[in-house]
Amino acid sequence: MCDFVKKIIVGLLFSASSFASLSQYVPAMNDKNGYVEPFQMFDNVYYVGDKWVSSYAIATDDGLVIIDTLDFPYSEWIPINLEKLGLKDKPITHILVTHRHSDHVGGAQLLQEKYGSKVVMTKSAHELSIQQSNKSEGENKFLPPNLDIEIKSDSSMVIGGHEFKFYLTPGHTEDDYSLDFTVEDNGEQYRAFIVGGHSVSSHDPEVIGQFLSSMEKIRKVSLQAPIVNVNLSNHPHKNFLFENRKKLGTSGNPFISEANFFMFLKQQEDLAKGKLEEL
């Protein structure tokens, strides 16, 4: 076989292998895999997460903001969910990643590449997401996103005419941030909060103390008028998301509850204090 023919064959094989490596694997959208149908929670908030991890699409004047992105490859469901909701033509301008764990950052690079979105993280969370990416393998292998906007301290950002406030709240991981923004229901505005690290995951007394300090910080911030009355937890079991979904359209929006948000904070504190007592 002449060299020219060999080069053509090698080139074709390389192209085929490259195409295969770029092909997308979309997990079956069933209950066993944790798939749930997306739904609208507020005028400007949509749930696009799965059974175990929350992901929210927030509508702004310029497009969508996605908060947390699921584990890869389950993040492949997010564009599908947006299409189901009639949002496929809206650009995703920003991706807000509350912390470095793969079930929150795993799909950020996928969405960033697909939509040209800006990823917003802390620097240490981004660095550790790279480490997690290097350890990921098989169908769960994911690439780390590019860090476009670094959160260095408590701050705020206006995206598409909507203000998002960022608070550093370490304790679940050392680089969590929590989010504070306004949601709308039938034209009325309500203050929503996402606690970036919903629970303490360490048995180190110092880290548990850090978590409790963050919860106290969140309580003080949340009690400032207007008081937080929407809990958008980053895991659905923490805000009774699916139970409340069944109540939508009955009498009022079940996701609006000041009592539920502060009960949630107390539960997280009690769990952390319980860990301290066990040491």
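Data block above holds the structure.
Everything in this summary refers to the structure shown in the same document.

Cut-offs used in this document
Residues numbered from 1 in each chain as written. Predicted model: local features only at pLDDT ≥ 70, side-chain atom pairs only at ≥ 80, totals over all residues. Heavy atoms only, no water. Helix = DSSP H or I, 4+ residues; strand = E, 2+ residues; numbered from the N terminus. Rg over C-alpha atoms; globule rule 2.2 N^0.38 Å. Contact = heavy atoms within 4.5 Å. Areas by Shrake-Rupley, 256 points an atom, 1.4 Å probe, with all protein chains shown as cover. Lys, Arg positive; Asp, Glu negative; His and termini not counted. Charge placed at Lys NZ, Arg CZ, Asp CG, Glu CD. Pairing = 2+ DSSP bridges. Axes fitted to C-alpha atoms, helices over the stretch in contact; angles between N-to-C directions. Buried < 20%, exposed > 50% of the residue type's maximum accessible area, 1.4 Å probe, protein only. Parallel < 35°, antiparallel > 145°, perpendicular 65-115°, else oblique. Left-handed = near helix turned anticlockwise from the far one by under 90°. Nonpolar A, V, L, I, M, F, W, Y, C, P; charged D, E, K, R; others polar.

Across its full length, the protein chain carries 8 helices and 12 strands. In terms of overall dimensions, the protein chain is globule-like: its C-alpha atoms have a radius of gyration of 20 Å, near the 19 Å expected for 279 residues. Taken along its principal axes, the extent of the C-alpha atoms in the protein chain is 80 × 45 × 35 Å. A sequence separation of at least 24 residues applies to 66% of the contacts in the protein chain between residues at least 6 apart. Summing over all exposed atoms, the protein chain offers an accessible surface of approximately 13,600 Å²; the carbon and sulfur share of this is 52%. The averaged location of the 37 negative side-chain charges in the protein chain is 3 Å from the averaged location of its 26 positive side-chain charges.

Here we come to the sheet that holds strand β11 (residues 188-194). One open sheet accounts for 5 strands, arranged β8-β9-β10-β11-β12; its pairing is mixed. Pairing within the sheet leaves two strands with one partner each, and these edge strands are β8 (155-159) and β12 (230-231). Both strand β9 (residues 162-168) and strand β10 (residues 177-185) contribute to a ladder of 5 bridges, which runs antiparallel. Bridging from a neighbouring strand, L168 pairs with Y177 of β10. The strands touched by helix α6 (residues 205-222) within the sheet are β9, β10 and β11, with β11 carrying the most contacts at an inclination of about 170 degrees.

Another point: unusual backbone geometry. Along the chain, F72 connects to P73 via a cis peptide bond; the corresponding omega equals 10 degrees. Mapped onto the secondary structure, P73 falls in the loop between β4 (64-67) and α2 (77-84). A cis amide bond, omega -5 degrees, links A225 with the succeeding residue P226. Within the secondary structure, P226 sits in the loop between α6 and β12. For L70, which is not glycine, the phi torsion reads 70 degrees and is therefore positive. Even without being a glycine, F240 presents a positive backbone phi close to 50 degrees. With respect to the secondary-structure elements, F240 resides in the loop between β12 and α7 (241-245). The partly exposed category is assigned to F240, whose relative accessible area is 35%.

The next subject is the packing of α6 against helix α8 (residues 258-278). Any two packed helices are characterised by how steeply their axes cross, that is the angle between the axes, and by the distance between the axes. Interaxial distance between α6 and α8 falls to 10 Å at its minimum, and their mutual angle equals 165 degrees. If you check the angle between α6 and α8, you find them roughly antiparallel. Crossing angle aside, the handedness with which α6 passes α8 is left-handed. Along its contact with α6, which presents P205, I208, F211, L212, M215, E216, I218, R219 and S222, the element α8 presents F261, F262, L265, K266, Q268, E269, A272, K273, K275 and L276. The class makeup of the residues in the contact of α6 with α8 is 11 nonpolar, 2 polar and 6 charged.

Our focus in this paragraph is the packing of α2 against helix α4 (residues 108-115). Running from N to C, α2 and α4 point in directions that differ by 55 degrees, and their axes come no closer than 10 Å. Judged by the inter-axis angle, α2 sits oblique to α4. For the pair α2 and α4, contact is made by I78, P79 and L82 and by L111, K114 and Y115, respectively. In terms of residue class, the contact of α2 with α4 is built from 5 nonpolar, no polar and 1 charged.

This brings us to the pairing of strand β1 (residues 39-42). Here β1 pairs with strand β2 (residues 45-47) via 3 bridges, running antiparallel. Counted as the bridge partner of Q40 is Y46 from β2. Counted between consecutive antiparallel strands, the loop separating β1 from β2 contains 2 residues.

What holds strands together in a sheet is hydrogen bonding between their backbones, with the strands either parallel or antiparallel. Spatially, the 7 strands line up as an open sheet ordered β1-β2-β3-β4-β5-β6-β7, and their pairing is mixed. Taken across any chain shown, the strands that pair with only one partner, and hence form the sheet edges, are β1 and β7 (149-150). Across 4 bridges, the pairing between β4 and strand β5 (residues 92-96) is parallel. By the bridge assignment, V65 is partnered in β5 with H94.

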